[in-house]
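Fold and contact review
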Amino acid sequence: MTASGQVMGSGKAVYAADPARSRGRLQPEPVSATRSDFRRDCDRVIHSAAFRRLKHKTQVFVFHEGDHFRTRLTHTLEVTQIARSIARALGLDEDLAEVLALAHDIGHPPFGHSGERALDRCLAEAGGFDHNAQTLRVVTQLERRYAAFDGLNLTWETLEGLAKHNGPLTDASGAPIGRYRNKGVPRPILSYSRDRQDLRLDTFASAEAQVAALADDIAYDVHDIDDGLRAEMFTLDDFSGVPLVGDTLAEVRRLYPGLEQARETHEVMRRLLTRLIEDVIAESFRRLGALAPKDIEDVRRAAEPVIAFSPTMVAADRAIKGFLGPRMYHHARVRRIMDDAEAVVADLFRCYADDPGRMHAEWAEGLDTADEETRLRRIGDFIAGMTDRYALIEHQRHFDSTPELR
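Thresholds, definitions, all that
- All chains use their own residue numbering, which begins from 1 and follows the written sequence.
- In view of the model being predicted, local features appear only for residues whose pLDDT reaches at least 70, and side-chain atom pairs are presented and counted only at 80 or more, with totals across whole chains, interfaces and linings using the full set of residues.
- Side-chain figures throughout are based on the complete set of non-hydrogen atoms in the structure, without hydrogens or water.
- In this description a helix means any DSSP run of H or I spanning at least four residues, a strand means any run of E spanning at least two, and both kinds are numbered starting from the N terminus.
- The atom set for the radius of gyration is the C-alpha atoms, and the globule formula is 2.2 Å times the number of residues raised to the power 0.38.
- Note on exposure labels: buried denotes an accessible area under 20% of the residue type's maximum, exposed denotes more than 50%, and partly exposed covers the range between, all computed with a 1.4 Å probe on protein chains only.
- In what follows, residue pairs with any heavy atoms lying within 4.5 Å of each other are defined as contacts.
- Accessibility throughout is a Shrake-Rupley quantity obtained with a 1.4 Å probe, and a residue counts as covered only by protein chains that appear here.
- The charge count treats Lys and Arg as positive and Asp and Glu as negative. His and the chain ends do not count.
- Here the site of a charge means atom NZ of a Lys, CZ of an Arg, CG of an Asp or CD of a Glu.
- We count a salt bridge whenever a side-chain nitrogen from Lys or Arg sits within 4 Å of a carboxyl oxygen from Asp or Glu.
- pLDDT is defined as a per-residue confidence score from the predictor, taking values between 0 and 100.
- The axes are straight lines fitted to the C-alpha atoms, using for helices just the contacting stretch, and the angles between their N-to-C directions are given from 0 to 180°.
- Here is the rule for angles: anything less than 35 degrees is roughly parallel, anything more than 145 is roughly antiparallel, 65 through 115 is roughly perpendicular, and the remaining ranges are oblique.
- Crossing handedness is read from the near helix: turned anticlockwise from the far helix by less than a right angle, it gives a left-handed crossing, and turned clockwise, a right-handed one.
- Every helix has an expected span of 1.5 Å times one less than the residues it contains.
- Only residues above 30% relative accessible area that lack a salt bridge enter a patch, with like-charged residues linked at up to 9 Å and the nonpolar side chains Val, Leu, Ile, Met, Phe, Trp and Tyr linked at up to 5 Å.
- Nonpolar core, defined: a set of buried Ala, Val, Leu, Ile, Met, Phe, Trp, Tyr and Cys residues in which side-chain atoms within 4.5 Å join the residues together.

Things to note about the overall build of the chain
Along the chain, the regular secondary structure elements total 17 helices and zero strands. Taking 22 Å as the expected radius of gyration for a compact globule of 406 residues, we find that the chain reaches 22 Å, a close match to that expectation. Projecting the C-alpha coordinates of the chain onto the three principal axes gives extents of approximately 65 × 50 × 40 Å. Residues counted as buried form 56% of the 406 residues belonging to the chain. When contacts within the chain are restricted to residue pairs at least 6 apart in sequence, long-range pairs at least 24 apart make up 72% of them. Carbon and sulfur atoms form 49% of the exposed surface of the chain, whose accessible area is close to 18200 Å². Of the side chains in the chain, 55 bear a positive and 65 a negative charge, and the two mean positions are spaced by 2 Å.

Set out below in structure tokens:
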């Protein structure tokens, strides 16, 4: 690296994750002759059933509202592209950044965050529901494709990144911190880290995991604006006073006066994307230069994330989310649909809790002798794996009236 933090040549930075030095997999496997361990992780996620189901899971708009709105799958692909771009610029392992982006949402239930809220209430007696914890369950237990093990048997670095991409979950004493301070760390994460592989919940994850988390934020900011414009919830002119977006819009109109609306929107979106990505790269190089990590362990033990927005971009990110909150995420139209979606999930949970035999046979198997927490968690797993479409089909099968979610 040069004094400015640039990576020389095609080599990786000293703080990058190295698949040759991976802590390995829970179940040892022969080394591939053609792929690194992190590349194999990517391929396993892409070929998983949980990944395929993302194509019919809600991002903001339910799948049948229009062909051009993002789904969980298209969102995931956009996050992956952004993560690889940032990882490449910073000299990180692109494959590790990619698998963390590919897998980051596969624990989401149908109907996005509305489905998550409903399942969290339904599973209150069993520890609640958290989509990050569900992602860990999917890749370590629920995917059943391989003869020798349950789950995908991913590397330790990938599991660490999925559990901790937003930062440490506990302090050094094991007390929950951050978003888990009040409710506690989700049981699936705690039990996995305690009983199977210590994921070091009190440290940061790799820089690659941090890149995937920021790529998620960037994708949200840009594509939610784009989808909201397509849904006619607001116009570009409404952003004139919003930092970054308003400035970018003014620049586009100065450079291309009279541009047709569709091209103007795309030009603003792509420039926003570039500015957000370039800001993360510049700020991350600044932080890495100040920290001067000698290896990945220095990244994990750092006092703050090494991948971040600049203070100016943090403020812009908050302003964008502050704009989208009332005008899109909590818009009366979206709120009405999501309220109905929560009711669908809650109805299904009560239906299966009353009679687990209404689930598919493989999910109901053994529940007649299982303890209550196991029974409830199995029902939650079954529902969480559903697509929006399948959840509605199941609701129609068991109930006389099903919301149209329109």
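Further notes follow.
Things to note about the pattern of salt bridges
A full pass over the atoms with the stated rule returns 48 salt bridges. Of the charged contacts in the structure, one is a salt bridge between arginine 21 and aspartate 18, with a shortest N-O distance of 3.9 Å. Measuring nitrogen to oxygen at the nearest pair gives 3.7 Å for the salt bridge that ties arginine 23 to glutamate 297. Separated by 274 residues along the polypeptide, arginine 23 in the segment before helix H1 (37-46) and glutamate 297 in helix H12 (residues 296-300) bring together distant segments of the chain. With relative accessibility at 46%, the residue arginine 23 sits in the partly exposed group. Put simply, Arg23, Glu160, Lys164, Arg200, Glu297, Asp298, Arg300 and Arg301 are held in one network by salt bridges that share partners.

Some thoughts on the environment of methionine 338
By secondary structure assignment, the location of methionine 338 is in helix H14 (residues 332-354). Residues methionine 338 and histidine 113 lie 225 residues apart in sequence; the distance between their C-alpha atoms is 8.7 Å.

Description of the environment of glutamine 210
Tracing the chain through its elements places glutamine 210 in helix H9 (residues 207-230). In this structure glutamine 210 comes out as buried when scored by relative accessible area, which is 4%. Along the backbone, glutamine 210 and histidine 165 are 45 residues apart, and their C-alpha atoms lie at a distance of 5.4 Å. Setting aside residues no more than four positions away along its own chain, glutamine 210 makes contact with His165, Phe204, Ala205, Val299, Pro305, Val306 and Ile307.

Observations regarding the confidence of the model for the chain
Residues at a pLDDT of 70 or more form 95% of the chain, whose mean pLDDT is 93. Long-range and interchain partners of residues 1-10, a stretch whose pLDDT sits below 50, account for 14 contacts in this model, where long-range means more than four residues apart.

A short note on the packing of helix H10 (residues 245-255) against helix H11 (residues 261-291)
Between H10 and H11, the least distance of the axes is 9 Å, while the angle of their chain directions is 130°. Considering their axes alone, H10 and H11 lie oblique with respect to each other. Relative to H11, H10 is oriented so that their crossing is right-handed. Each of Val245, Asp247, Thr248, Leu249, Glu251, Val252, Arg253 and Leu255 in H10 lies in contact with H11, whose residues at this interface are Glu264, Glu267, Val268, Arg271, Leu272 and Arg275.

Here we look at helix H3 (residues 72-90)
Taking 1.5 Å of rise per residue, the 19 residues of H3 would be expected to cover 27 Å, and the 27 Å separating its terminal C-alpha atoms lies within 8% of that figure. All of the buried residues in H3 are Arg72, Leu73, His75, Thr76, Val79, Thr80, Ile82, Ala83, Ile86, Ala87 and Leu90. At the C-terminal side of H3, glycine 91 shows a positive phi close to 75°.

Description of a positive patch on the surface
Together, Arg52, Arg53, Lys55, Arg145 and Arg389 make up a region of like positive charge exposed at the surface. Among the secondary structure elements, arginine 145 is positioned in the loop between helix H6 (131-142) and helix H7 (156-164).

Structural notes on the nonpolar core
The biggest cluster of nonpolar side chains holds 79 residues, and the ones touching the most others in it are Ile86, Ile225, Tyr352 and Ile383. The leading source of residues in this core is H14, at 11 residues. Apart from residues no more than four positions distant in its own chain, isoleucine 383 is found in contact with Pro110, Leu119, Val345, Leu348, Phe349 and Tyr352. The next biggest cluster of nonpolar side chains, apart from the first, holds 35 residues, and it includes Val45, Ala50, Phe51 and Leu169.

So, the side chain of glutamate 160
Mapping glutamate 160 onto the fold places it in helix H7. Under the relative-accessibility criterion, glutamate 160 is labelled buried at 0%.

Some words on helix H5 (residues 112-122)
For H5, the full list of buried residues reads Gly112, Ser114, Gly115, Glu116, Ala118 and Leu119. In the core, the buried residues of H5 are packed alongside H3, H6, H14 and helix H16 (372-384).

What to know about unusual backbone geometry
Peptide bonds are, in most cases, trans, and in most cases residues other than glycine have a negative phi. Of note, the phi angle at asparagine 153 is positive, near 55°, even though the residue is not glycine. In this structure, asparagine 153 sits in the loop between H6 and H7. Residues other than glycine seldom take positive phi values, yet alanine 292 does so here, at roughly 50°. Tracing the chain through its elements places alanine 292 in the loop between H11 and H12. In this structure alanine 292 comes out as partly exposed when scored by relative accessible area, which is 47%.

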